[in-house]
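One letter stands for each residue in the lines below.
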Number of protein chains: 4
Amino acid sequence: MSGNSIGRLFTVTTFGESHGPAMGCVVDGCPPGMALSAADIQADLERRRPGKSRHTTPRQEPDTVRILSGVFEGLTTGTPIGLLIENVDQRSRDYGDIKDKFRPGHADYTYQQKYGIRDYRGGGRSSARETTMRVAAGAIARKYLGERLGIGIHGYVSQLGPIELGVTDMGAVDSNPFFCADPDRIPELEKFMDELRAEGDSIGAKISILASNVPPGLGEPVFDKLEASLAHALMSINAVKGVELGAGFAAINQKGSEHRDEMSPDGFAKNDAGGTLGGISSGQDILASIALKPTSSISKPGATVDKEGKTTEIVTTGRHDPCVGLRATPIAEAMVALVLMDHYLRHRAQNADVENTTPVITG
Amino acid sequence: MSGNSIGRLFTVTTFGESHGPAMGCVVDGCPPGMALSAADIQADLERRRPGKSRHTTPRQEPDTVRILSGVFEGLTTGTPIGLLIENVDQRSRDYGDIKDKFRPGHADYTYQQKYGIRDYRGGGRSSARETTMRVAAGAIARKYLGERLGIGIHGYVSQLGPIELGVTDMGAVDSNPFFCADPDRIPELEKFMDELRAEGDSIGAKISILASNVPPGLGEPVFDKLEASLAHALMSINAVKGVELGAGFAAINQKGSEHRDEMSPDGFAKNDAGGTLGGISSGQDILASIALKPTSSISKPGATVDKEGKTTEIVTTGRHDPCVGLRATPIAEAMVALVLMDHYLRHRAQNADVENTTPVITG
Amino acid sequence: MSGNSIGRLFTVTTFGESHGPAMGCVVDGCPPGMALSAADIQADLERRRPGKSRHTTPRQEPDTVRILSGVFEGLTTGTPIGLLIENVDQRSRDYGDIKDKFRPGHADYTYQQKYGIRDYRGGGRSSARETTMRVAAGAIARKYLGERLGIGIHGYVSQLGPIELGVTDMGAVDSNPFFCADPDRIPELEKFMDELRAEGDSIGAKISILASNVPPGLGEPVFDKLEASLAHALMSINAVKGVELGAGFAAINQKGSEHRDEMSPDGFAKNDAGGTLGGISSGQDILASIALKPTSSISKPGATVDKEGKTTEIVTTGRHDPCVGLRATPIAEAMVALVLMDHYLRHRAQNADVENTTPVITG
Amino acid sequence: MSGNSIGRLFTVTTFGESHGPAMGCVVDGCPPGMALSAADIQADLERRRPGKSRHTTPRQEPDTVRILSGVFEGLTTGTPIGLLIENVDQRSRDYGDIKDKFRPGHADYTYQQKYGIRDYRGGGRSSARETTMRVAAGAIARKYLGERLGIGIHGYVSQLGPIELGVTDMGAVDSNPFFCADPDRIPELEKFMDELRAEGDSIGAKISILASNVPPGLGEPVFDKLEASLAHALMSINAVKGVELGAGFAAINQKGSEHRDEMSPDGFAKNDAGGTLGGISSGQDILASIALKPTSSISKPGATVDKEGKTTEIVTTGRHDPCVGLRATPIAEAMVALVLMDHYLRHRAQNADVENTTPVITG
């Protein structure tokens, strides 16, 4: 496949350009018999939707999803689920600058080199708008994982530029525009973002995701270790430059006696592993973090080249997120859901009849 | 597939357990007409081979590779290349402790939970010995990439526990047991490792990889972005807990005007992107780093459970690497080679007849 | 994947139920830079469309296709092409009988057994309406193959029940409702079909496909031989019970000296092979035939069971094709196009830089 | 993948050339906990082994298989199973004629055109010797299917050249060199084959396969219908030119009222479907037949071209099967086993938790 599908058994294939007629996807392999309605998917889309605060792009998209197939009388049938969102706010405008020049740090240049042609309107296929379909498909996976296995998947912004953010109230994440789990820090974030916007610049961010109640056994050694699939899925999100599990890069300076999570019949003493051992889920929470770079579409002028390869300068106007990380939380959650769902099906394909006499330890 | 294959067009499938009869792999999709001999592969295997210094496991394995198919009169034929290394040093010993107890931080527990059975001898399939085949297959990819495209792939240890290491002489990497590119620091590393071994403990490490001369255009948006495939491949290496590209986690605290690599007809002004834009290689060097955790097989006692789920304590004796990161450099290089090779073939499958009028910028 | 995709590099994923909101597909991997409009696809859809004569189902569907992505300013961009056809004629009616009973010879029973639920309206996913998307996707492949390689793909009905049909005028195929290449026989066919319709019964058929100008080299030994991919693709069409290449089943009673196609610098002496040798195209025409069973939705009563497993009788009313084979010609052509396109991309991925000194023989 | 793998979840990857060092394969995805020894596999290999009668090639190969991984203390572990057979009888000889000339009807010419190079010794990768690994891998699948699901897979030669053969005693198949289930006809077959050998010619054959006790539900609509996967797998066997299920090509001249298999609580009235409805197994026996062409390696002279494209004549000497169909029965059985195993795992991946209230009908 040419890269627009993910998952071996719970397979999501997406299509659509930012300013084309519609965004869509096909979810193939969903188990039958699960209640599913457009409203179930819409709720997650709403969390990702832009234009809800001054800190994200003002593009107004209702992002209304239609289920085109795979559901009958309110239940999934096991056949592929087609989803569609018509693009509404494709504001007509002059694309002159990004039509002929390449934004430094943007996919403009590489799409042109790879394909010899690119849909420059709003970034075309490389637009963050593509992630609507990740969120929509992820909502289906998340519903199954929650209902059948009790798995919960929750993320938050753990760093915004220089501002590190902890968790004081996970319940607060969805009620502020920063996906911040420490609501006391929100005024600080607002001030930071307002200054940034005034500068015409953008900023990076870090997102952390936690999946709880994941049963042991998910993940396929050796190349499709659970952490490898998570890294693949998370690194495929626009603007992500790094992925880590558990202690992550901090493990470089840990000793073995310090890093290992000791075990007892009551569970693991701590969670530096981040939920996997040898590529297979251990029953600990999955803990993953990602680094997102600042968006390259900023109004500060930058040196670049044009389509003829000549030196020039570019200023990006238009509607852009000053921090793509701010809306990345539901996207990262969706990717984790897709990976866990796919690995759950893969695991039961091979191991459904395993009789295991070793007790599962739980804390 | 159950996870023992990687690559869509240049596909590597491995098999073998640490203390089974042999390690092997099949490399399918190699272009025909390339000169290939066992010696070409042996050279890379030699770099990974244990037992060459006191700082790695003393297990003695000649790691002699046989080419079983796919090569005729010294040239690849386009048919699958079978590779085999017989295991020689499967020292007979008492496995009592790891047979019935789970090492904390190790795959012992999760293999048992997933499969209900595990080959506990030397870690079985979860042993780092599996990486011989990654290196062997990677050597084939690396040869093609080097000869046909001029791509070079070079790695080094950029951090050992608390000791950060730069590059003063890349040529020195292969002549010291630490894959260190700053030879003046070697005494410091030796002292650190000697103390660690005396403690019976282990340590994490960071490896950095650079691929030069990569043409623009490799990588398949949206899910199989080049960085996503790299993250997948690198995170699938034993003990890896984090992957980053270019500025990586440092991008969190960068502004857009700072992160973006400005462009001119002479190339990119710098390389914070790490070689990809929007999932496609840009022509910049690919820069990737990985974090490796400390090995969990240490002689310091640790609390754990046994196969009946009862609380107990474990001490791992036997031959183990105190820093798995030390031998990970050729493995990481091999994984990068496999990813680039696969994406090169994928790219030319779809885009071989693209006529591109935009000049490639090069520095 | 759960079976709704075909092709490794030119990958088509379809969705949609007969009486759901829409039929759709995603075509991933299409090379960029090819002119493509909805009209190009519509022409092939028109050939498959029902309701054009009294010999096919009277269901009226305009089958108007929309291109939702992957095309910009009239050219393919290399990104996935989303196609959609809204279902229009989902006539509201009483499904009582097929809702609770299983038509013998139909997928009703097996869908129920596999998924525990089925969309019984018009056959749901098992409806021949699914093949609209095969034809739509195939039109894209066919256009590329024709324009870039000069490949032509043409089919015709070679047997209708007991009536064997030869080729006197391939140009006549599209101007009669039987896809018959021997126009003198049409009155005979009309009489046969009229009698059959009066009986309330259905009939099988044979379709033959010829692909000309296929270059040598397409096909991947050993499991993905070109003939194996063709067999897969053609046998996946609804109602197909047999596939053969070249001499096919007649080869059972051939001697080696009789079957082999002798070669000279001017080409092959004849074509019993059907265009492949050892799984790879030889440059001869690809010749494939398929056997289609009679449709099971007939008005003659049949013994069956109901959803509770009790014995009963069923009469299928409603709009059904008395000979599904009659509209299968464009579908079979589309499947051949998809296979050739996929194998063309696979071949050039591995072998684009082969320097071959052996001349291609052509007749 | 480049075509040397089959199966999505129970995945077999083979390698090896006729006169190279060894034949091998990797079986990935086998469920853990099944007893498996080399003897289990050897028994099926013995049935395929040449040199046991005067009617097959006199090449003497012990075909001794080694299990290199994936089995521990006599049980499968869920990790990949590596299998290896060293080639022993690579008789040193002069390959002059087939080195520089292309046998008409053989893969010689197409391998040369595709890859620009070919291992001409004994046919290289295109040799029927490759099928050892299909049989070896199939033996593992067959054991699982038999032990866990009670599935039996049995084949026989149903036609040899002009001689059609029925079933009077399936138990006799393995005790005669013709895989004939009608032992009274053996003298007739011997006479036919003796005359053929005297002529220096070869002949085609038909093999029929029956799989019993297959549960309903296997097969993935729409592209991976069970019959499509069977067609793929069977058509990938060397020399196969046609595949049919159930009534097969005879369905062309059946009416719907005649073809459909009526149902009752006691099962199906007959089996013209051949075991599948709409791509999914129905619980009826799977009935498949294949047509094999006569081998092209015969001693009768034939017109052909040489590597320079010049006209010439070829006589194939050496050890060749006069009827490749004669040893194809265990190979076809193996392919059916691989397909059923793969689809069983795929089915339970998606549908393991389906609660079905419709009774299974059985006869």
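Residues numbered from 1 in each chain as written. Chains lettered and ligands numbered in written order. Predicted model: local features only at pLDDT ≥ 70, side-chain atom pairs only at ≥ 80, totals over all residues. Heavy atoms only, no water.

(A) The arrangement of helix 3 (residues 108-115) of chain B in detail. Extensive coverage of helix 3 of chain B is indicated by the burial of 8 of its 8 residues. Those residues of helix 3 of chain B not exposed but buried are B:Asp108, B:Tyr109, B:Thr110, B:Tyr111, B:Gln112, B:Gln113, B:Lys114 and B:Tyr115. Structurally, helix 3 of chain B contributes buried residues whose contacts are with strand 12 (263-264), strand 13 (267-268), strand 14 (276-277), strand 15 (280-281) and helix 8 (328-351) of chain A. Positive backbone phi, approximately 75°, marks B:Gly116, located one or two places after helix 3 of chain B. (Buried < 20%, exposed > 50% of the residue type's maximum accessible area, 1.4 Å probe, protein only. Helix = DSSP H or I, 4+ residues; strand = E, 2+ residues; numbered from the N terminus. Contact = heavy atoms within 4.5 Å.)

(B) Representation of the interface of chain C and chain D. Residue-level contacts link 115 residues of chain C with 115 residues of chain D. Carbon and sulfur atoms supply 59% of the area buried between chain C and chain D, which totals about 9,300 Å² over both sides. Ranking the residues of chain C by area buried against chain D places C:Lys114, C:Phe223 and C:Lys241 at the top, with a combined share of 10%. At the boundary of chain C and chain D, one finds 4 salt bridges. For the salt bridge of C:Glu199 with D:Lys255, the shortest nitrogen-to-oxygen distance reads 3.0 Å. Taken together, the links from chain C to chain D amount to 69 residue pairs in polar contact (both at pLDDT 80 or more). Among the elements that make up the side of chain C that touches chain D, the one with the highest residue count is helix 3 (residues 108-115) of chain C (7 residues). Grouping the amino acids of the side of chain C that touches chain D by side-chain chemistry returns 46 nonpolar, 44 polar and 25 charged. Here 3 bridges tie strand 11 (residues 240-245) of chain C to strand 11 (residues 240-245) of chain D, and the two strands are oriented antiparallel to one another. Its bridge partner being in strand 11 of chain D, C:Gly242 is matched across the sheet by D:Glu244. (Buried area = accessible area lost by both parts, 1.4 Å probe. Salt bridge = Lys/Arg side-chain N within 4 Å of Asp/Glu carboxyl O. Polar contact = N/O pair within 3.5 Å; in protein donor to acceptor, adjacent residues only side chain to side chain. Nonpolar A, V, L, I, M, F, W, Y, C, P; charged D, E, K, R; others polar. Pairing = 2+ DSSP bridges.)

(C) Representation of the interface of chain C and chain A within the structure. Across the contact, 42 residues belong to chain C and 42 residues belong to chain A. Together, the buried faces of chain C and chain A total about 3,400 Å²; carbon and sulfur atoms form 65% of this surface. Our count for the contact surface shared by chain C and chain A stands at 2 salt bridges. For the salt bridge of C:Arg66 with A:Glu86, the shortest nitrogen-to-oxygen distance reads 3.4 Å.

(D) Highlighting the relation of the copies chain C and chain D. With an RMSD of 0.0 Å, chain C superimposes on chain D once it is rotated by 180° and translated 0.0 Å along the axis. Look at the turn and shift together and you get a two-fold axis relating the two. Taking C-alpha positions as the reference, the residue of chain C nearest the rotation axis is C:His232, at 2.3 Å. Interface residue correspondence from chain C to chain D reaches 100%, placing this contact among same-surface, isologous pairings. (Least-squares fit on C-alpha atoms with pLDDT ≥ 70 in both.)

(E) Expanded view of the sheet that holds strand 16 (residues 286-292) of chain D. Spatially, 9(C)-8(C)-10(C)-16(C)-11(C)-11(D)-16(D)-10(D)-8(D)-9(D) is the arrangement adopted by the 10 strands of the open sheet, whose pairing is antiparallel. Both outer strands of the open sheet, strand 9 (163-164) of chain C together with strand 9 (163-164) of chain D, are each paired with one neighbouring strand and no more. Where strand 11 of chain D lies against strand 16 of chain D, 5 bridges are found, and the strand directions are antiparallel. Bridge pairing in strand 16 of chain D places D:Val243 opposite D:Ile290.

Keep in mind these values describe shape, not function.
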